[in-house]
Amino acid sequence: MKPRTAVRIYYDENKHRAAVSLDTYKVRISRDGMTFEEALTTPPKRTNNVSDEYKRWSNIAVENGINKAYFWQRVREYGWSYERAATEKVKRYKKETEKNMVIEKDSDKDVKKMIISLLNAGEPVPKKYVKRFPELFENRI
């Protein structure tokens, strides 16, 4: 068992007054040079310093169905104005079209031809094709 340091002993005795976690307390002492008491009782700093205009437009964005994170990305990364980022609709893309489905069906035909040629040649066929096209293996098993 590790010996307890003076830092840990002070925290354990006074944790009912602590404004921060043990890790934050330790960092404040070692990195920031605070005293034990300062590190324990100083409330954490608020890091979210956004303008009132940003808050107003981000709420408008949410009302328009735009995620706050995406609104922020539009403003910061894309350089859009608050108004444009909050009001321009998000483009949605279809995952599959009928054209893609036709291509898949054609590729299935090609795969079936390949499997039939492997079977006729007496070559082994990967198991995934046995599960995918059981009709080709009914008479062979």
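The structure presented is a predicted model; accordingly, all values stated were derived computationally and were not measured.

Rules of the game
Residues numbered from 1 in each chain as written. Predicted model: local features only at pLDDT ≥ 70, side-chain atom pairs only at ≥ 80, totals over all residues. Heavy atoms only, no water. Salt bridge = Lys/Arg side-chain N within 4 Å of Asp/Glu carboxyl O. Helix = DSSP H or I, 4+ residues; strand = E, 2+ residues; numbered from the N terminus. Buried < 20%, exposed > 50% of the residue type's maximum accessible area, 1.4 Å probe, protein only. Axes fitted to C-alpha atoms, helices over the stretch in contact; angles between N-to-C directions. Parallel < 35°, antiparallel > 145°, perpendicular 65-115°, else oblique. Left-handed = near helix turned anticlockwise from the far one by under 90°. Contact = heavy atoms within 4.5 Å. Nonpolar A, V, L, I, M, F, W, Y, C, P; charged D, E, K, R; others polar. Phe/Tyr/Trp six-rings, centres within 6.5 Å; stacked < 30°, edge-to-face > 60°. Polar contact = N/O pair within 3.5 Å; in protein donor to acceptor, adjacent residues only side chain to side chain. Core = buried A, V, L, I, M, F, W, Y, C linked by side-chain atoms within 4.5 Å.

J.: Please clarify how the pattern of salt bridges should be interpreted in this entry.
T.: It is possible for side chains bearing opposite charge to pair when their charged atoms get close. Under the definition given, this model contains seven salt bridges. Across the pair Glu37 and Arg17 runs a salt bridge, and its minimum N-O distance is 2.9 Å. Taken together, the positions of Glu37 in helix H3 (residues 36–41) and Arg17 in the loop between helix H1 (6–14) and helix H2 (22–30) put the pair 20 residues apart, joining distant regions of the chain. Residue classification places Glu37 among the partly exposed residues on the basis of a relative accessible area of 32%. Given a relative accessible area of 34%, Arg17 falls into the partly exposed group. Across the pair Lys112 and Glu135 runs a salt bridge whose closest N-O atoms are separated by 3.3 Å. Here Lys112, found in helix H7 (residues 98–120), pairs with Glu135, found in the segment after helix H8 (127–132); they are 23 residues apart in sequence, far enough to count as distant.

J.: Honestly, the packing of H1 against H2 in this entry has me stumped. Any pointers?
T.: To characterise two packed helices, one gives the angle between the axes of the helices and the distance between these axes. Remark: H1 packs on H2, axes separated minimally by 11 Å, with the N-to-C direction vectors making an angle of 135 degrees. Taken together, the axes of H1 and H2 lie oblique to each other. The hand of the H1/H2 crossing is right-handed. Contacts between H1 and H2 involve Val7, Arg8, Tyr10 and Tyr11 from the first element and Leu22, Tyr25, Lys26 and Ile29 from the second. Considering only residue class, the contact of H1 with H2 consists of six nonpolar, no polar and two charged.

J.: Any chance you could explain the packing of aromatic side chains here in plain terms?
T.: One pass over the structure, following the stated rule, counts eight aromatic pairs. Between Tyr10 and Phe36, the ring centres sit 5.5 Å apart and the planes meet at 45 degrees, which makes this aromatic pair tilted. Linking Tyr10 in helix H1 with Phe36 in helix H3, this pair joins segments that are 26 residues apart in sequence. Clustering of aromatic rings is evident, with ring pairs tying together Tyr10, Tyr11, Tyr25 and Phe36.

J.: Sorry if this is basic, but what is going on with the environment of Arg132 here?
T.: Positionally, Arg132 belongs in helix H8. Taking the C-alpha atoms as reference points, Arg132 and Asp108, separated by 24 residues in sequence, lie 9.9 Å from one another. Of the polar contacts made by the side chain of Arg132, one reaches the side chain of Asp108; its length is 2.5 Å.

J.: Got a minute to help me understand the nonpolar core in this structure?
T.: Looking at soluble globular proteins, one finds that nonpolar side chains tend to be buried together. Core analysis: the largest hydrophobic core is formed by nine residues, namely Tyr54, Trp57, Ala61, Ile66, Phe71, Val75, Trp80, Ala85 and Ala86. Listing elements by their share of this core, those giving two or more residues are helix H4 (52–63), helix H5 (68–76) and helix H6 (82–87). Considering every element that reaches this core, the biggest residue donor is H4, with three residues. With near-sequence residues (within four places) excluded, Phe71 lies in contact with Tyr54, Trp57, Ser58, Ala61, Ile66, Tyr82, Ala85 and Ala86. Core analysis: the second largest hydrophobic core is formed by eight residues, Val111, Ile115, Val125 and Phe133 among them.

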